[in-house]
Structure formats: structure tokens, C-alpha cells
Amino acid sequence: MADDDTLKEFDSESSVLFLGSGFSQSAKNIRNDKLPTGEGLRINFAELLGLSAKEYDLKTLADEFASRPNLNLYQTLYELYTVRALNDDQSSILDHSWLRIYTTNYDDSVEFALNSKKRPINSYSYDDDKPRKLAPNSVIHLHGVVRNANELNVRDQLVLNEHSYVRQHFEQSPWYDEFDRDLRFCSACYFVGYSL
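No experiment lies behind these values; they were computed from the predicted model shown.

Quick look at the overall build of the chain now. Secondary structure assignment for the chain yields nine helices and seven strands. Looking at the chain as a whole, 43% of its 196 residues qualify as buried. Long-range pairs, those at least 24 residues apart, make up 69% of the contacts in the chain between residues at least 6 apart in sequence.

Another point: the sheet that holds strand S4 (residues 100–103). Sheet architecture is open: five strands sit in the order S5-S6-S4-S1-S7, paired in parallel fashion. In the strand order of this sheet, the two ends are held by strand S5 (123–125) and strand S7 (188–192), each with one partner. Taken over all neighbouring pairs, the strand axes of this sheet differ in orientation by 20° on average, direction set aside. Here strand S1 (residues 15–19) pairs with S4 via four bridges, running parallel. In the sheet register, leucine 19 faces S4, and the bridge partner there is threonine 103. Each of S1, S4, S5, strand S6 (138–141) and S7 touches helix H9 (residues 174–185); the most contacted strand, S4, lies at about 130° to it.

On to helix H3 (residues 58–67), then. Here H3 has its buried residues at Leu58, Leu61, Ala62 and Phe65. With its buried residues spanning 100° around the axis, H3 presents them on a single face.

Moving on: the packing of helix H2 (residues 38–49) against helix H4 (residues 73–81). Where H2 meets H4, the closest approach of the two axes is 12 Å, and the angle between their N-to-C directions is 140°. What the angle tells us is that H2 and H4 run oblique. For the pair H2 and H4, the crossing hand works out as right-handed. Of H4, the residues touching H2 (which contributes Leu41, Asn44, Phe45 and Leu48) are Leu73, Thr76, Leu77, Leu80 and Tyr81. Partitioned by chemical class, the residues of the contact of H2 with H4 number seven nonpolar, two polar and no charged.

On to the pattern of salt bridges, then. Following the criterion strictly, the structure yields eleven salt bridges and no others. Across the pair aspartate 95 and lysine 117 runs a salt bridge, and its minimum N-O distance is 3.9 Å. With aspartate 95 in helix H5 (residues 88–95) and lysine 117 in the loop between helix H6 (109–116) and S5, the pair connects residues that are 22 residues apart, well separated along the chain. Of the residues examined, lysine 117 reaches a relative accessible area of 47% and is grouped as partly exposed. The closest approach of N and O atoms between arginine 184 and aspartate 180, which form a salt bridge, is 3.7 Å.

Glycine aside, residues mostly have negative phi angles, and peptide bonds mostly take the trans form. Even without being glycine, asparagine 32 reaches a positive phi, approximately 70°. Residue asparagine 32 is classed as partly exposed on the basis of its relative accessible area of 42%. The backbone of lysine 118 shows a phi angle near 55°, a positive value even though the residue is not glycine. Inspection of the secondary structure assignment puts lysine 118 in the loop between H6 and S5.

What follows covers the packing of H2 against H3. The interhelical angle for the contact between H2 and H3, taken along N-to-C directions, is 40°, at an axis separation of 9 Å. By the angle class used here, H2 and H3 are oblique. Crossing of H2 over H3 shows left-handed handedness. Facing Gly38, Leu41, Arg42, Phe45, Ala46, Leu48 and Leu49 of H2, the residues of H3 in contact are Leu58, Leu61, Ala62, Glu64 and Phe65.

With respect to the secondary-structure elements, asparagine 137 resides in the loop between S5 and S6. Since its relative accessible area comes to 7%, asparagine 137 is described here as buried. Setting aside its immediate chain neighbours within four residues, asparagine 137 contacts His96, Ser97, Trp98, Leu99, Arg100, Ile101, Leu114 and Arg119.

Our next topic: the packing of aromatic side chains. Under the counting rule described, the total for this entry stands at 13 aromatic pairs. Residues phenylalanine 18 and phenylalanine 179 carry aromatic rings whose centres are separated by 5.8 Å and whose planes lie at 65° to one another, so their mutual orientation is edge-to-face. Of this pair, phenylalanine 18 sits in strand S1 while phenylalanine 179 sits in helix H9; the two residues are 161 residues apart in sequence, bridging distant segments of the chain. Like phenylalanine 179, phenylalanine 18 is buried. With a centroid separation of 5.2 Å and an interplanar angle of 40°, the aromatic rings of tyrosine 124 and tryptophan 175 are classed as tilted. With tyrosine 124 in strand S5 and tryptophan 175 in helix H9, this pair connects stretches of sequence that are 51 residues apart. Clustering of aromatic rings is evident, with ring pairs tying together Phe18, Tyr102, Phe179, Phe191 and Tyr194.

Parameters at a glance
- Residues numbered from 1 in each chain as written.
- Predicted model: local features only at pLDDT ≥ 70, side-chain atom pairs only at ≥ 80, totals over all residues.
- Heavy atoms only, no water.
- Helix = DSSP H or I, 4+ residues; strand = E, 2+ residues; numbered from the N terminus.
- Buried < 20%, exposed > 50% of the residue type's maximum accessible area, 1.4 Å probe, protein only.
- Contact = heavy atoms within 4.5 Å.
- Pairing = 2+ DSSP bridges.
- Axes fitted to C-alpha atoms, helices over the stretch in contact; angles between N-to-C directions.
- Arc of directions from axis to C-beta.
- Parallel < 35°, antiparallel > 145°, perpendicular 65-115°, else oblique.
- Left-handed = near helix turned anticlockwise from the far one by under 90°.
- Nonpolar A, V, L, I, M, F, W, Y, C, P; charged D, E, K, R; others polar.
- Salt bridge = Lys/Arg side-chain N within 4 Å of Asp/Glu carboxyl O.
- Phe/Tyr/Trp six-rings, centres within 6.5 Å; stacked < 30°, edge-to-face > 60°.

Encoded structure:
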């Protein structure tokens, strides 16, 4: 890379951070395992159901998992996506203050990082009411967040299956306007661990 092409200045406070499941993958959950990506969750569901992961998509497996009385969808997701430790790279990224943080992840890695540094936490899920003004460094969970889920609402809170994907169109969400505005006014948008 030529000298003029190197990043000379990094202004996270005017930048948007967009996190995909690859970002959280190296974190440790309360089971002391690494967090699964969407593919890992699909495999996990298939194994617990005694099915072949190659034959079914995540949405189908989530529906089947939820229908089995001997399996607890909420408890499984809670254990898989509640963070107990971050690696140094994740912590370093989340040590910065960002204009806004958007994530498609169910986990609470951002909240965990902010809490460990005793920093304010402004966290929203796609179905939360949007405040008049968002504080800098607010995190918006576009596919739901495990901390808002419970035994009764887990299938509505987390975008897992066909029903919730049909219901949840980001472009029709009240958060879409905020994302669009953030993109128009930010100095940069960084996608980390997100497969396009």
C-alpha cells in the first residue's frame, strides 16, 4: 500500500460500527464456549434434534427446536449468546466510542464491554421504541438481543425462523431511518465480522 493510501486518522466518534456474527465468534459465552455464528447455531440445533445439518436451514431447525417439549429454545440461546469474556481484539474495538453501533448479533458483547469499563449503556432492539435523540455509542440490535428474550417471547424477540424473517424487514423498521441518517452523516462505516 502506498503511503498516501494508509489510514492517517481514525475518528471512531464520527463513524458507524456494524457488527456481524464473525465479530463475536471468539468471545466466550457462559458455557465457556465460543459463540456460534449462524452456521454454528444451525449445526447446534441439528445435533440436538438428531438431524442432519446439511438438509435443513436455520429457520426450519429453529421452528422444529421450539416445537420439541424436551428442548428449551430460550435456555439454549441464552447460554449460547450471553457473553462472559471478550478477547483483546474485541475489547480494543469496543473501547472506542462510536457514533453508533449496529449489530445483527443476538449476543450482548457490546453491553458486556461497556459494563466492564463502567461506561453508559444505551442498547436497543429492533422492536424497542426509538428515542427522540440517540446518544453516541448507542447499540442497535437489528435481529433482537438475548437479554430481551424470555421463555414466552423468544421466537418473537430473536429473528430465527421464517415467521420472524417475514415480520422483520429492516427497511420498514423505525430504526432504518436512523441507520440511513447515520450513514449520510458519518465519516466512515466499518463492517466487522459481517459476511456480505
